[in-house]
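Below are the chains, spelled out letter by letter.
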Amino acid sequence: MALHTSRSKELYDQACKYMPGGVNSPVRAFRSVGGYPLYFKLGKGSHIIDEDGNDFIDYCMSWGPLILGHADNDVVKAIQRVAENGTSFGAPHEGEISIARMVVESFPGIEKVRFVNSGTEATMSAIRLARGYTGKSKIIKFDGCYHGHADHLLVAAGSGLATFGMPDSAGVTRDNARDTIVVKYNNIDALHQVLSNNDDIACCIMEPVCCNYGLILPKKDYLKQVSELCTKYNVLLIFDEVITGFRLARGGAQERFGVQADITTLGKIIGGGLPVGAYGASSKIMAKVAPDGPVYQAGTLSGNPIAVAAGIVTLQKLVPSAYQKLEELGKYFEEQMQPIVSRYKYKLLFKRLASIFALYFTNEDTIISVDQVKECNMQQFARFHRLMLERGIYLSPSGYEVGFLSLSHSKEDIDKTVKAIDESLEIVLR
Ligand SMILES: *Cc1c(COP(=O)(O)O)cnc(C)c1O
């Protein structure tokens, strides 16, 4: 069942001459699963086709934005229509108001929103805002949560329950990392300890559901407890909903878990596959943002008409029945996986929340911490990933990443995928 990928290999060799690692974002280079990346020329619905003509059912979905599927007809039409009238003005246009209204109406905690060009920019700006609003300087982040690549967020945890951050990348200074305190996710005591021992903390930033280190769900009431502690210690709570916003529910994890953050960051889905991010909060907090307030933040292409148009159409299509459909599909996937999961008890875990899923090669019977994900067998994942490619299934090329269902995925897609998983596991776990 060998996969013919000679054209991708050729392109990758060329790319390596001109770009570091041949890519514009490291995980794309396939380093953690081995081999070289595939080059894609076409995406439609749940399928993508590479330069060698191999056809895959896609579960990476550009890492989350494509909740409607690839090249949704209405999104494409909107992009074409808007592009013909000018790709960027660097001045206000009506679309910005429509998408801002949609975001504000979907998130009770957001009264005003600022659009930027990536999730990284959104979290970076949200933290500047939190510091500007509170006048305090330190921030708390949680181990395993990813918030893009801003310096003070590229900080890793030490081995303790709560540690002063260490740079997680060359080029990040110790001073930059020093103001970031890293706390264990899903451990409320660790957070309490840090909050009660520091009076210079501006904010706590977290992915309400960890989606960048496998899929780690918050323990029951954990998010509520985090929110209460932040209120008690006068620290702003930032939910990074770049993945979960408009994915777990229209109102993101905040709607799903009934907890409200002070500042919310968004990205991915709200751009409908184009580069976008956003951050929003109450009018009182957002009043600090320039030009109303002293916290400077700007962007040449922010609120770009094409990205905004793709976002508007995407959000318009995310009506309640769309979430129902995604939930049903996710449930179907989980049910079909049940016999396989039972067969490989203590070797494999399948986890799902709404349209997000993860597979772990682990002997644990549940995953609630980042440390458990670290213990998963990534060699087995790499092998599995290759076998799945050979069977026409494209998973994100890292065992730390989740998979995404879209409204374009069908039950037939799931059936084919489960069959491929079954066959691949037979080889990996035999
Ligand atoms: C993807 C992601 C980001 C970064 O967004 P970019 O657009 O890649 O900069 C930030 N936070 C979370 C939770 C993400 O998943």
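Residues numbered from 1 in each chain as written. Predicted model: local features only at pLDDT ≥ 70, side-chain atom pairs only at ≥ 80, totals over all residues. Heavy atoms only, no water.

### A few points about the sheet that holds strand S4 (residues 112–116)
Taken together, the 8 strands give an open sheet; going across it, the order is S4-S13-S12-S11-S10-S5-S9-S7, and neighbouring strands pair in mixed fashion. The open sheet has two free edges, formed respectively by S4 and strand S7 (162–164), since each of these has just one partner strand. The average undirected angle you get between the axes of adjacent strands in this sheet is 20 degrees. Sheet contacts for helix H3 (residues 94–106): S4 and strand S12 (263–267); angle to S4, the most-contacted strand, approximately 125 degrees. (Pairing = 2+ DSSP bridges. Helix = DSSP H or I, 4+ residues; strand = E, 2+ residues; numbered from the N terminus. Axes fitted to C-alpha atoms, helices over the stretch in contact; angles between N-to-C directions. Contact = heavy atoms within 4.5 Å.)

### Details of the packing of helix H13 (residues 378–390) against helix H14 (residues 411–428)
Where H13 contacts H14, the axes come no closer than 9 Å and their chain directions differ by 135 degrees. Taken together, the axes of H13 and H14 are oblique relative to one another. Where H13 crosses over H14, the handedness of that crossing is right-handed. Note on element contacts: H14 touches H13 through Thr417, Ala420, Ile421, Ser424, Leu425, Ile427 and Val428, opposite Gln380, Arg383, Phe384, Leu387 and Met388. By residue class, the composition of the contact of H13 with H14 is 8 nonpolar, 3 polar and 1 charged. (Parallel < 35°, antiparallel > 145°, perpendicular 65-115°, else oblique. Left-handed = near helix turned anticlockwise from the far one by under 90°. Nonpolar A, V, L, I, M, F, W, Y, C, P; charged D, E, K, R; others polar.)

### What about the site of the ligand?
Every residue lining the ligand is accounted for by Ser118, Gly119, Thr120, Tyr146, His147, Gly148, Glu207, Asn212, Asp240, Val242, Ile243 and Lys268. One of the side-chain nitrogen or oxygen atoms of threonine 120 is found 2.6 Å away from an oxygen atom of the ligand. The backbone of tyrosine 146 places a nitrogen or oxygen atom 3.3 Å from a nitrogen atom of the ligand. For the ligand, the protein covers 82% of the area, taking 380 Å² as the surface of the free molecule. Partitioning the shell around the ligand into residue classes produces 3 nonpolar, 6 polar and 3 charged. (Near = heavy atom within 4 Å. Polar contact = N/O pair within 3.5 Å; in protein donor to acceptor, adjacent residues only side chain to side chain. Areas by Shrake-Rupley, 256 points an atom, 1.4 Å probe, with all protein chains shown as cover.)

### Side note on the state of the cysteines
With the rule as written, the count across this model stands at 0 disulfides. The structure places no disulfide on cysteine 210, whose sulfur is separated from the nearest cysteine sulfur, that of cysteine 145, by 3.6 Å. With no disulfide of its own, cysteine 211 has cysteine 210 as its nearest cysteine by sulfur position, at a separation of 7.4 Å. Accessibility expressed as a relative area gives 1% for cysteine 211, which makes it buried. (Disulfide = S-S within 2.5 Å. Buried < 20%, exposed > 50% of the residue type's maximum accessible area, 1.4 Å probe, protein only.)

### Regarding the packing of helix H6 (residues 188–197) against helix H7 (residues 222–232)
At a minimum axis separation of 10 Å, H6 and H7 run at an interaxial angle of 5 degrees. It follows that H6 is roughly parallel to H7 by the angle criterion. Where H6 abuts H7, its residues Ile188, Leu191, His192 and Leu195 lie against Tyr222, Gln225, Val226, Leu229, Cys230 and Lys232. Of the residues belonging to the contact of H6 with H7, the class tally is 7 nonpolar, 2 polar and 1 charged.

### Looking at the pairing of strand S9 (residues 180–183)
Burial along S9 is two-sided: the residues Thr180 and Val182 and Ile181 and Val183 are all buried. Bridge count for strand S5 (residues 138–142) against S9 is 4 bridges, and the pairing is parallel. Bridge pairing in S9 places isoleucine 140 opposite isoleucine 181. As paired elements, S7 and S9 share 3 bridges and run antiparallel to each other. In the strand pairing of S9, alanine 162 is matched with valine 183.

### Structural notes on the domain arrangement of the protein chain
Each assigned domain of the protein chain is listed with its residue range as follows: domain 1 (6–67 + 319–428) and domain 2 (73–317). For domain 1 versus domain 2, the separation of C-alpha centres amounts to 25 Å. Listed per partner, the contact involves 31 residues of domain 1 and 29 residues of domain 2. Between domain 1 and domain 2, the buried area comes to about 2,500 Å², and carbon and sulfur atoms account for 62% of it. When the buried area of domain 1 at its contact with domain 2 is split by residue, Tyr323, Leu353 and Val370 rank highest and sum to 25% of it. (Domains from an automatic or database assignment. Buried area = accessible area lost by both parts, 1.4 Å probe.)

### Here we look at empty space enclosed by the protein
Inspection of the entire model under this criterion finds 2 cavities of 30 Å³ or more. In this structure, the largest cavity spans a volume of roughly 120 Å³. Lining the largest cavity, in full, are Phe357, Ala358, Leu359, Phe381, Leu395, Ser396, Ser398, Gly399, Glu401, Val402 and Gly403. For the lining of the largest cavity, the element with the highest residue contribution is strand S15 (residues 356–360), accounting for 3 residues. Here the residues of the lining of the largest cavity are counted per class, giving 6 nonpolar, 4 polar and 1 charged. Taken as a whole, the second largest cavity holds about 30 Å³ of empty space. What lines the second largest cavity is simply Leu359, Tyr360, Phe361, Cys376, Asn377, Met378, Phe381 and Gly399. At the level of secondary structure, the elements contributing two or more residues to the lining of the second largest cavity comprise S15 and H13. (1 Å grid on protein atoms, 1.4 Å probe; cavity = no way out; pocket = protein on both sides within 12 Å on 5 of 7 lines; lining within 4 Å. Points joined across faces, edges and corners; volume = space filled by probe spheres on them.)

### A word on the layout of surface pockets
When its volume is computed, the second largest pocket comes out at roughly 540 Å³. In terms of lining, the second largest pocket is formed by 23 residues, of which the most central are Pro92, Glu96, Arg114, Ser302 and Gly303. Listing elements by their share of the lining of the second largest pocket, those giving two or more residues are H3 and S4. Counting residues per element, the lining of the second largest pocket draws most heavily on H3, at 5 residues. Per-class residue counts for the lining of the second largest pocket are 10 nonpolar, 9 polar and 4 charged.

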